[in-house]
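Chain by chain, the residues:
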Amino acid sequence: MPASRCLVRGSINIDEFFHLPHIVRPGETISSTDFARKPGGKGANQSYAVAKAGGQVDLDGCIGQDGTWVKEYLEAGGVDVHRLQVLKDEVTGRAIIQILHKGANFYAPSEPQQLDLSSYTHLLLQNEIPLPITLEHLTTAASHSITTVFNPSPMLSTSELRSFPWDSLSWLIVNEGELADLLSALGSSTSRPSSSEGENLRGKAEEDLRLLHENQHFSSSTSIICTLGAQGIIYFQPRSNLPVNMGHLPAAKLQKPVKDTTGAGDCFAGYFVAGLMAGLELEEVLRICLTACAICVESAGAMESYASRDEVLKRLN
Ligand code: ADP
Ligand code: NA
């Protein structure tokens, strides 16, 4: 049995934050009072979280020459970046406030390349790169019995969801809004959770999880995790010959007020895959994830607020 190794095929961004005195009106030009540049992109965030959690992880994706510092940041955090391509003619993807420039993340080689996943036991995917690349990785991995984890963010279109190869997917990770969007795209009747849902958020998500499992377009063998922000998570694991395993875990107790929830979902996904790679029991994996997320939301930023495995275990005990 080879040691566990995860491939993340995903996005790498430079996140640029402009602090403005007010939201810019159409046609208006104002000066920003502050500017910050941080490494980001869901592929980068999640691979960083896998590495911080102690997992062996390769990140495969594309950046421009302006993004070599992001590559160095990831490498310093323990991510293996030898598969990262630095493109001469593209700029690194950028998230500027709310406007996303896809940049090098959407680069597709003109010649088809042989996809070799033989050195991996796990594959972690998001939806910030061209969908055909994600699908090719997913179906290839499934045919090699690699454990596959998908966080469909941003959400796919209705037709993409209906033709998605769900049978190739071991684990789906969504938040409550994504779950409702996915479910209605697949034709089940549901509504998007509203903020008035409050305490009932969990009950609604549990019902949605059951509906998704039973949906004819979805795979009955895929396990599902739905993250519920401050209300923690619910998980659903269909098991052959055993009753379905459904459970809820509350968010870990915070030691400080919430400061910044950016990248908390990515922290969860990365820590989750690292837990699977370590062969831990599901509930133990999830408790570690929730503690990592608590630490993440207590401080500013995404990757920079991801704790190491030791820090997480110290708080857990
Ligand atoms: P996403 O960013 O994908 O919507 P969530 O907001 O559900 O993800 O956050 C992922 C996890 O981070 C949650 O399951 C929870 O453990 C933790 N978390 C997020 N927001 C809070 C919060 N306000 N208080 C405590 N924990 C939180
Ligand atoms: Na944070």
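Cut-off values and rules
Residues numbered from 1 in each chain as written. Chains lettered and ligands numbered in written order. Predicted model: local features only at pLDDT ≥ 70, side-chain atom pairs only at ≥ 80, totals over all residues. Heavy atoms only, no water. pLDDT = per-residue confidence, 0-100. Helix = DSSP H or I, 4+ residues; strand = E, 2+ residues; numbered from the N terminus. Expected span 1.5 Å × (residues − 1). Buried < 20%, exposed > 50% of the residue type's maximum accessible area, 1.4 Å probe, protein only. Near = heavy atom within 4 Å. Polar contact = N/O pair within 3.5 Å; in protein donor to acceptor, adjacent residues only side chain to side chain. Areas by Shrake-Rupley, 256 points an atom, 1.4 Å probe, with all protein chains shown as cover. 1 Å grid on protein atoms, 1.4 Å probe; cavity = no way out; pocket = protein on both sides within 12 Å on 5 of 7 lines; lining within 4 Å. Sits in = over half its atoms within 2 Å of the grid points. Nonpolar A, V, L, I, M, F, W, Y, C, P; charged D, E, K, R; others polar.

Visitor: Pulling in residues and values, what's your account of the confidence of the model for the chain?
Guide: The predicted model of the chain averages 92 in pLDDT, with 96% of residues at 70 or higher. Among the scores for the predicted complex, ipTM is 0.96 and pTM is 0.92.

Visitor: Tell me about helix H8 (residues 282–298), and name the residues and values.
Guide: Turn by turn, an α-helix covers 3.6 residues, leaving residues three or four places apart pointing in a common direction. With 17 residues, H8 ought to run about 24 Å at 1.5 Å a step, and its terminal C-alpha atoms sit 25 Å apart, in line with that. Burial runs high along H8: 14 of the 17 residues are buried.

Visitor: Requested: an account of the site of ligand 1, with residues and values cited.
Guide: Neighbouring residues of ligand 1: 15 residues in total, closest Asn175, Thr227, Gly229, Gly232 and Leu290. For ligand 1, an oxygen atom lies 2.9 Å from a polar atom in the side chain of Asn175. At 2.8 Å, a backbone N or O of Gly229 approaches an oxygen atom of ligand 1. The fraction of the free accessible surface of ligand 1 (550 Å²) that becomes covered by protein chains is 79%. For ligand 1, the cavity whose grid points lie within 2 Å of the majority of its atoms is the largest pocket. Mapped onto the shell around ligand 1, the elements with two or more residues apiece are helix H7 (264–277) and H8. Of the residues that constitute the shell around ligand 1, the class distribution is nine nonpolar, six polar and no charged.

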